[in-house]
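Results of the structural survey
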Amino acid sequence: MSQDYLPGPEENEYWYNLRTQQVQQGNLGLGTDLWGPYPSYEEALHAMEKAKQRNEEWDENNDSW
């Protein structure tokens, strides 16, 4: 199997660590603690904010049912 197909940390991917609430480069934590990957530091930095916004939008749309 080629190295290209093996999962592992990618230097050009960013992850939001739920436990530390910090952005990290590369998949270096437990999968249950990480959201991502994100293509940029900025996107990972705003991961929690974006998730909260999506949840609020979903709740608003769900009320109309």
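Quick look at the structure, then. (Residues numbered from 1 in each chain as written. Predicted model: local features only at pLDDT ≥ 70, side-chain atom pairs only at ≥ 80, totals over all residues. Heavy atoms only, no water.)

Thoughts on the overall build of the protein
When its secondary structure is counted, the protein shows two helices and three strands. Seen in sequence order, the protein has helices and strands lined up from the N terminus as β-β-β-α-α. Counting across all 65 residues of the protein, residues that qualify as buried make up 20%. Sequence-distant contacts, at least 24 apart, represent 23% of the contacts inside the protein between residues at least 6 apart. (Helix = DSSP H or I, 4+ residues; strand = E, 2+ residues; numbered from the N terminus. Buried < 20%, exposed > 50% of the residue type's maximum accessible area, 1.4 Å probe, protein only. Contact = heavy atoms within 4.5 Å.)

Thoughts on the nonpolar core
Listed in full, the six residues of the largest apolar core are Tyr14, Tyr16, Val23, Tyr38, Ala44 and Ala47. In this view, alanine 47 contacts Tyr16, Trp35 and Tyr38; residues no more than four positions away in its chain are not counted. (Core = buried A, V, L, I, M, F, W, Y, C linked by side-chain atoms within 4.5 Å.)

A short note on unusual backbone geometry
Backbone torsion omega between glycine 36 and proline 37 reads 10 degrees, so that peptide bond is classified as cis. Summarising the element assignment, proline 37 is placed in strand β3 (residues 34-38). One non-glycine residue with positive phi stands out, namely glutamine 21, at about 55 degrees. Structurally, the position occupied by glutamine 21 is in the loop between β1 (14-17) and β2 (22-25). Residue glutamine 21 is classed as exposed on the basis of its relative accessible area of 58%.

Some remarks on the sheet that holds β3
One open sheet accounts for three strands, arranged β2-β1-β3; its pairing is antiparallel. Each edge of the sheet is formed by a strand with only one pairing partner; in this case those strands are β2 and β3. On average, adjacent strands in this sheet sit at an angle of 25 degrees to one another, irrespective of strand direction. Sheet analysis places β1 next to β3, joined by three bridges and oriented antiparallel. Residue pairing for β3: tyrosine 16 is matched across the bridge by tryptophan 35. (Pairing = 2+ DSSP bridges. Axes fitted to C-alpha atoms, helices over the stretch in contact; angles between N-to-C directions.)

With respect to the pairing of β1
Side chains of β1 alternate between two faces, with Tyr14 and Tyr16 and Trp15 and Asn17 buried alike. With four bridges connecting them, β1 and β2 associate as antiparallel partners. Within β2, the position partnered with tyrosine 16 by the bridge is valine 23. Once β1 ends, the chain turns through four residues before running back antiparallel as β2, passing glutamine 21 with a positive phi of about 55 degrees.

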